[in-house]
Amino acid sequence: MTSTARADHRRPLLKRLADASEPYLYSAPALILIVAVMLVPLVLGISYAFRDIQLLNPFSGGVIGLDHFRTLSQDQDFYRALRNTLWWTGASVALQFVLGLILALLLDKPFYGRGLAQALVFLPWAVPSFLAGLNWAWLFNPVIGPLPHWLFAMGILDAPNNILADPDLAMWGPIVANVWWGIPFFAITLLAALQAIPRDLYEAASIDGAGPVQRFLSITLPFLAPTIAITVLLRTVWISNFADLIIVMTNGGPADRTQIVASYIFTQAFKRLDFGYASAIALVLLVLLLAYSMLIVLLRQSLLNKD
């Protein structure tokens, strides 16, 4: 045993315990805040899924086990909302990613006023989602809004009708608003990743005779792959839980054609005041998103290991 080890062994027990617990004491305020703000509401929300919590029923509150999930398994409105969620999320993420990548590639090129252009690109992200929904609802309004008349003039619509009231087209209204609102996230994130790619690689590829498409496929895309994976993961989770635009623009209508799972939870909790059933739906959505997140994280890890 060395002299240092013998000295530590002779120190009082309380002193050694105090030294060992010192890092935990420094992090205790943050841990307490995380537990109070995140874990406690999460545990309460999960417990509500197994209880009958109806605000208009004074006799509710008891434990009912899996009854909510049995009801949910036969709820056709939930399955319709789940299908709408897949369409809403897939179309929004795909369009945001493609347009955001194109915008990032354009902003990566040096040109006069690039700083101002980057600031303007970020502007939609700074607009509150509630206000963005109101603005786009006004744009789609056939009486005071210009979009239906423009689409009619271009031959896309048979008449300047209200798109948000058409069951076949209503979902496109919130999707367009969501794409406009979410493009800056992909543009700024992918732009930062593009600027981290060594320029020497492009110069060497050009000397070897590689064209723009070859350079993009062999250099840009592999370097961007981990960033693409994590940004797509984040946006998918956010958009799946993002009901602000739908509630403001269509409120789930017409005929539930724009009702997604997140807005269905809102309907059950704050309109029908059934917090138990709403919590059960939220728990199912949580499990589905966790499974999806694990797949994307594993994909990203495999890409990093490959590199």
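A quick note: this is a predicted structure, and the numbers were derived from the prediction, not measured.

(A) Geometry of the environment of Val93. By the secondary structure assignment, Val93 is in helix H4 (residues 76-107). Of the residues examined, Val93 reaches a relative accessible area of 8% and is grouped as buried. On a C-alpha basis, the gap between Val93 and Val261 in space is 17 Å, while along the polypeptide they are 168 residues apart. For Val93, the contacting residues outside a window of four places in its chain are Phe186, Val232, Arg235, Thr236 and Ile239.

(B) Main features of the packing of aromatic side chains. With the rule as written, the count across this model stands at 13 aromatic pairs. Residues Trp136 and Phe140 carry aromatic rings whose centres are separated by 6.0 Å and whose planes lie at 35° to one another, so their mutual orientation is tilted. Residue Trp136 and its partner Phe140 are both found in helix H6 (residues 129-140); the two are separated by 4 residues, about one turn of the helix. With respect to burial, Trp136 and Phe140 carry one shared label: buried. With a centroid separation of 5.7 Å and an interplanar angle of 80°, the aromatic rings of Phe185 and Phe186 are classed as edge-to-face. Per residue, the accessibility class of Phe185 equals that of Phe186, and both read buried.

(C) View of the packing of helix H9 (residues 199-207) against helix H10 (residues 212-240). Where H9 contacts H10, the axes come no closer than 10 Å and their chain directions differ by 165°. Classed by the angle they form, the pair H9 and H10 counts as roughly antiparallel. Both H9 and H10 take part in a crossing whose hand is right-handed. Contacts between H9 and H10 involve Leu201, Tyr202, Ala205 and Ser206 from the first element and Arg215, Ile219, Thr220 and Phe223 from the second. Residue classes in the contact of H9 with H10 are distributed as 5 nonpolar, 2 polar and 1 charged.

(D) Molecular detail of H10. Along its 29 residues, H10 runs just 35 Å from first to last C-alpha, ending more than 12% under the 42 Å computed at 1.5 Å per residue. At Ala225, H10 shows its maximal bend, which comes to roughly 45°, and the proline Pro226 appears one to four places after that position.

(E) Structural view of the confidence of the model for the protein. Looking at the protein, pLDDT values average 86 and 95% of them are 70 or higher. Across the protein, the element-wise mean pLDDT spans from 52 in helix H1 (residues 3-10) up to 93 in H4.

What counts and how
- Each chain has its residues counted from 1, running along the sequence as written.
- In view of the model being predicted, local features appear only for residues whose pLDDT reaches at least 70, and side-chain atom pairs are presented and counted only at 80 or more, with totals across whole chains, interfaces and linings using the full set of residues.
- Calculated side-chain values reflect all of the structure's heavy atoms, with hydrogen atoms and water omitted.
- Helix numbers and strand numbers start at the N terminus; a helix is a DSSP run of H or I with at least 4 residues, a strand a run of E with at least 2.
- Exposure classes here rest on a 1.4 Å probe applied to the protein chains alone. A residue is buried below 20% of its type maximum, exposed above 50%, and partly exposed in between.
- Whether two residues are in contact is decided by their heavy atoms, any of which lying within 4.5 Å being enough.
- For Phe, Tyr and Trp, where Trp contributes only its six-membered ring, two rings pair if their centres lie within 6.5 Å, and the inter-plane angle classes them as stacked under 30 degrees, edge-to-face over 60, or tilted in between.
- Structural elements are reduced to axes, namely lines fitted to C-alpha atoms, with helices fitted over the stretch in contact, and the angle between N-to-C directions of any two is expressed from 0 to 180 degrees.
- If an angle is under 35 degrees, it is roughly parallel; if it is over 145, roughly antiparallel; if it lies from 65 to 115, roughly perpendicular; otherwise it is oblique.
- Note: crossing handedness is left-handed where the near helix turns anticlockwise from the far helix by less than a right angle, and right-handed where it turns clockwise.
- As a working rule, the residues Ala, Val, Leu, Ile, Met, Phe, Trp, Tyr, Cys and Pro are called nonpolar, Asp, Glu, Lys and Arg charged, and the rest polar, with Gly in that last group.
- Take the number of residues in a helix, subtract one, and multiply by 1.5 Å to get its expected span.
- Throughout, bend refers to the angle between the axes fitted to the seven residues that end at a position and the seven residues that start at it.
- Predictor confidence is given residue by residue as pLDDT, running from a minimum of 0 to a maximum of 100.

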